[in-house]
There are 2 protein chains.
Amino acid sequence: MEASPLNEIDDRRTIGFLLSDVARMMRAAFDRRVRRLGLTRSQWLVLSLLHRRPGVSQSELAEMLEVERAAAGRMVDRLERRHWLVRRPDRLDRRINRLYLTAEAEAVQAEMGCIAVELLDDAMAGLSGEEREALSEMLERVKAQLQGMAPRPAAPAPAPRPDLAP
Amino acid sequence: MEASPLNEIDDRRTIGFLLSDVARMMRAAFDRRVRRLGLTRSQWLVLSLLHRRPGVSQSELAEMLEVERAAAGRMVDRLERRHWLVRRPDRLDRRINRLYLTAEAEAVQAEMGCIAVELLDDAMAGLSGEEREALSEMLERVKAQLQGMAPRPAAPAPAPRPDLAP
DNA sequence: GGGCAATGGTAGCCTAGGCAACAAGAAGCC
DNA sequence: GGCTTCTTGTTGCCTAGGCTACCATTGCCC
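Further remarks concern the relation of the copies chain A and chain B. Under the fitted operation, chain A is carried onto chain B by 0.0 Å of movement along the axis and a turn of 180°, and the coordinates agree to an RMSD of 0.0 Å. As the rotation angle and translation indicate, the two copies are arranged about a two-fold axis. Looking at the interface residues of chain A, 95% of them are also at the interface in chain B, so both copies use one shared face.

Near DNA strand C you find 25 residues, and of these S59(A), R95(A), N97(A), T40(B) and R82(B) are the closest. When the atoms of DNA strand C within 4 Å of the protein are sorted by group, sugar and phosphate make up 70%. Here a base oxygen of DNA strand C and a side-chain polar atom of R74(A) are 2.9 Å apart. Between DNA strand C and the protein, one listed contact pairs a phosphate oxygen with a backbone N or O atom of N97(A) at 2.7 Å. Mapped by element, the contributors of at least two residues to the surface near DNA strand C are α3 (58-65) and α4 (69-81) of chain A together with α2 (41-52) and α4 (69-81) of chain B. It is α4(B) that contributes the most residues to the surface near DNA strand C, 4 residues altogether.

What follows concerns the protein's contact with DNA strand D. The local shell around DNA strand D holds 27 residues, among which T40(A), R82(A), Q58(B), S59(B) and R74(B) are the closest. Each atom of DNA strand D within 4 Å of the protein was classed as base or backbone; sugar and phosphate made up 68%. The side chain of R95(A) places a nitrogen or oxygen atom 3.0 Å from a base oxygen of DNA strand D. Sorting the residues of the surface near DNA strand D by element identifies α2 (41-52) and α4 of chain A together with α3 (58-65) and α4 of chain B as the ones contributing at least two each. Examining the composition of the surface near DNA strand D, we find that 4 residues originate from one element, α4(A), more than from any other. Split by residue class, the surface near DNA strand D holds 7 nonpolar, 7 polar and 13 charged.

Attention now goes to the interface of chain A and chain B. Counting residues at the interface gives 55 residues for chain A, matched by 55 residues for chain B. Buried area between chain A and chain B, both sides added, is near 5300 Å², and the carbon and sulfur share of it is 69%. Counting across the interface, chain A meets chain B through 4 salt bridges. The partner of R141(A) in a salt bridge is E131(B), with the nearest N and O atoms 2.9 Å apart.

Now for the pattern of salt bridges. Residue and element names in this part refer to chain B. Here the structure, examined in full by the defined rule, presents 28 salt bridges over all chains. Residue R98 is joined to E60 by a salt bridge in which the shortest nitrogen-to-oxygen separation is 3.9 Å. Note that R98 is positioned in strand β2 (residues 97-101) and E60 in helix α3, a separation of 38 residues in sequence. Overall, R98 belongs to the partly exposed group, its relative accessible area being 21%. The class for E60 is partly exposed, based on a relative accessible area of 35%.

All names here are of chain A. There is a patch of like positive charges on the surface, built from R74, R78, R81 and R82. If you trace the backbone, R78 turns up in helix α4. We classify R78 as partly exposed; its relative accessible area is 33%.

Within a pair of aromatic rings, the relevant descriptors are the distance that separates the centres and the angle that separates the planes. What the rule picks out here adds up to 4 aromatic pairs over all chains. Considering the side-chain rings of W44(A) and F17(B), the 6.2 Å spacing of their centres and the 25° angle between planes classify their relative orientation as stacked. In this pair, W44(A) sits in helix α2 while F17(B) sits in helix α1 (residues 15-34), so the two residues belong to two different chains. One exposure class covers both W44(A) and F17(B), and it is buried.

Residue and element names in this part refer to chain A. Along the polypeptide, D21 turns up in helix α1 (residues 15-34). Overall, the relative accessible area of 0% leaves D21 in the buried class. A distance of 3.1 Å separates polar atoms of two side chains, one belonging to D21 and the other to R24.

This part is about the nonpolar core. Core analysis: the largest hydrophobic core is formed by 59 residues, its most contacted members being L19(A), L135(A), L139(A), L19(B), L61(B), L135(B) and L139(B). Residue contributions to this core peak at 9 residues, all from α1(B). Those residues in contact with L139(A) that sit more than four places away from it in its chain are L19(A), I15(B), L18(B), L19(B), V22(B) and L135(B). One finds L39(A), A62(A), L65(A) and V108(A) within the second-largest nonpolar core, a separate group that totals 30 residues.

What counts, and at which threshold
Residues numbered from 1 in each chain as written. Chains lettered and ligands numbered in written order. Predicted model: local features only at pLDDT ≥ 70, side-chain atom pairs only at ≥ 80, totals over all residues. Heavy atoms only, no water. Least-squares fit on C-alpha atoms with pLDDT ≥ 70 in both. Contact = heavy atoms within 4.5 Å. Near = heavy atom within 4 Å. Polar contact = N/O pair within 3.5 Å; in protein donor to acceptor, adjacent residues only side chain to side chain. Helix = DSSP H or I, 4+ residues; strand = E, 2+ residues; numbered from the N terminus. Nonpolar A, V, L, I, M, F, W, Y, C, P; charged D, E, K, R; others polar. Buried area = accessible area lost by both parts, 1.4 Å probe. Salt bridge = Lys/Arg side-chain N within 4 Å of Asp/Glu carboxyl O. Buried < 20%, exposed > 50% of the residue type's maximum accessible area, 1.4 Å probe, protein only. Patch = residues over 30% accessible without salt bridge, like charges linked within 9 Å, V, L, I, M, F, W, Y side chains within 5 Å. Areas by Shrake-Rupley, 256 points an atom, 1.4 Å probe, with all protein chains shown as cover. Lys, Arg positive; Asp, Glu negative; His and termini not counted. Charge placed at Lys NZ, Arg CZ, Asp CG, Glu CD. Phe/Tyr/Trp six-rings, centres within 6.5 Å; stacked < 30°, edge-to-face > 60°. Core = buried A, V, L, I, M, F, W, Y, C linked by side-chain atoms within 4.5 Å.

Right, here's the structure in full:
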């Protein structure tokens, strides 16, 4: 690290900036490719999630997206306003909204998935298979580290992911 | 029946999601650590840039941040409103605003730099030096690839101007 | 039963960024 | 000179997300 030519900007080369740059550029590229469908990357993420788990609640959605409940709620607002999904009250617990895709959303969802895969392939074109493997493995480690640094809301439950099927 | 043998896309493990997750978490962690100073990560980025290049124009700033001019302009608005920087008109070109840090900003800038380095160190704690090197090298390659895919302002124009010169 | 804590969802305010349209100014070209 | 074109910056509208405070409902515990 002492070897870094610190005199000027090593800055933008720093992993932190690189990470945020790459993430932003990927989101932008995705949004650009799918704008004609009237959706964004984040919205597609919700759709694809709901496709595989119809009926989740907003809180569950938020947790799966790793996002605040408020943000998830607003996302649902936007998607509902455009008829990509519907909220339906839970029978037993009147606090809960259960979320279901509309037919059109189901139709579009798959197409978006293809686009996502294509984009990822394009973006990773410069990396070999092994490198991609290594990259995602390292990113997972970094993510785990960051999760450990996050402000744990309550219980630091170590392995609370047994089975969520009711 | 939490999908383990699921042929569906690995979802959250996919490099794309990992990237955006990690980037978001790093930004969040940074913001959390420096909120007491009244700044965010993005704002600090501007400050540190202006520290080393006082007098840049907004367009130059936008370019260095790799962000739209509008976004940069609003960032400058916020920072000016809180007296972290000042706009000063260029003598020769009345379109241009030149940007300069205030004294307080200069003072804070360094401290934030330390926090950034600390955070990065924490986040990367699980990676060896070589791995960090490899990671940033790969990210740079991905970024270059994405830049190549971006809508180049110059060339790709399909000549939407059917020659209006008489 | 009744009270209190936890949970689910919403609304308000904030930063951050994209895209598009525009005004003012500067530059280039007759 | 004047006309056209490019640049710089701003504004408006949009998504996206964080944080806080708040309401309604549920559950828990006594």
